[in-house]
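# Structural overview for review
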Amino acid sequence: MIRSVVKGTGSALPSRVVSNDELARLVDTSDEWIVERTGIRSRHVAGEGETTATLATEAARNALAAAGVDASAVDLIVLATATPDQTFPATATKVQDALGCNGGIAFDVSAVCSGFLYALGVADSLLRTGMAKHALVIGAETFSRILDWEDRATCVLFGDGAGAVLLAAEEVAEGGPGVLTTRLHADGAHNELLFTDGGPSSTGTVGKVRMKGREVFRHAVVNLAEVLQEVLEESGFTAADLDWVVPHQANARILDATARKLGLANEKVIVTVDHHANTSAASVPLALDAAVRDGRIKAGDLVMLEAMGGGFTWGASLLRM
Ligand code: UT7
């Protein structure tokens, strides 16, 4: 059978690191509150000249280098972002041009924090149907540019960065590597719990992030546990079979609660929220790359990716590395 096989991962983070103490000088908050309620200690924030496209391009180059694949082989780029460089054209096309692999398919997907899962699902479908052979799936964000830096309920939670995965369509035997099962969901009834208060067609501005955190938290734990169970059942595995879970990094307490609901050992959960904060669509591929590079996630491992975000949107994907 044809499967989408992970050939390499990469990431990019802005050089500027902002501590909780630095934020406590901007808004009425404290390192103690942020660490206790979220697990976040610091985040990377884009500086002048750093954009979603530049971070995405660097992450993509690192994924190509790790895979040992030349950019010229890439015929599909799916980039997940809620913070594109321009309203149009798609940031994916800027990345394509920067990499010099012009001519293939390149587009953005908008599913906020679940964006990488959506991008992976779409890329996997296109690879398996023969539309492309080598796909860069990228999650890249500069949420710092759409934060209200006077709103302590949101500005302490997010960070900037990009992560990328190079997938290749390969003939694989049963039990071999590749994306095994992806399940995606959306429920548009919850727009008002997590949104930007502006947009090109409504206000002619980009708007700022607004969130009813406590309610998002409640939905996140329920929806993530459900979709994880759905993917496990669909693929014929149990939580005990998983080598690693790479969750969306929104809040350490959500990671703990989800692991508990599934009966998963905390040691199997990749955690980067402490130093990345919530990087929206970038968070899953950033965490995946961190764990691949430090040697925790290895070839043959069974890895579950999951995320939940604005829309609401949520999803999970099971891969054999
Ligand atoms: O990535 C997409 C998905 N997003 C998420 O999954 C985020 C989900 N939500 C969360 O992670 C948590 O709800 C938050 C971290 C956003 C908030 O934690 P919480 O324990 O739910 O706190 P809360 O919103 O209920 O607020 C508790 C108190 C409030 O004060 P009062 O009303 O009890 O007096 C807030 O005003 O904490 C206050 N507060 C803060 N205090 C200090 C809110 N933000 C801050 C802050 N520093 N930065």
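Structure first, text after, so check above.
A brief report on the enclosed structure follows.

Thresholds applied
Residues numbered from 1 in each chain as written. Predicted model: local features only at pLDDT ≥ 70, side-chain atom pairs only at ≥ 80, totals over all residues. Heavy atoms only, no water. Salt bridge = Lys/Arg side-chain N within 4 Å of Asp/Glu carboxyl O. Buried < 20%, exposed > 50% of the residue type's maximum accessible area, 1.4 Å probe, protein only. Helix = DSSP H or I, 4+ residues; strand = E, 2+ residues; numbered from the N terminus. Expected span 1.5 Å × (residues − 1). Contact = heavy atoms within 4.5 Å.

### Some details on the pattern of salt bridges
Evaluated as defined, the whole model comprises 12 salt bridges. The residue arginine 16 makes a salt bridge to glutamate 22 at a minimum N-O spacing of 2.5 Å. We classify glutamate 22 as partly exposed; its relative accessible area is 26%. Measuring nitrogen to oxygen at the nearest pair gives 3.0 Å for the salt bridge that ties glutamate 234 to arginine 183. Here glutamate 234, found in helix H7 (residues 213-235), pairs with arginine 183, found in strand E8 (residues 178-186); they are 51 residues apart in sequence, far enough to count as distant.

### So, helix H3 (residues 52-67)
With 16 residues, H3 extends 22 Å from end C-alpha to end C-alpha; this agrees with the ideal 22 Å at 1.5 Å per step. Residues Thr52, Ala53, Leu55, Ala56, Thr57, Ala59, Ala60, Ala63, Leu64 and Ala67 constitute the buried set of H3. If you follow the buried residues of H3, they end up packed against strand E1 (2-12), strand E4 (76-80), helix H4 (91-99), strand E6 (134-142) and strand E7 (160-171). Downstream of H3 by one or two residues, glycine 68 has phi in the positive range, about 70°.

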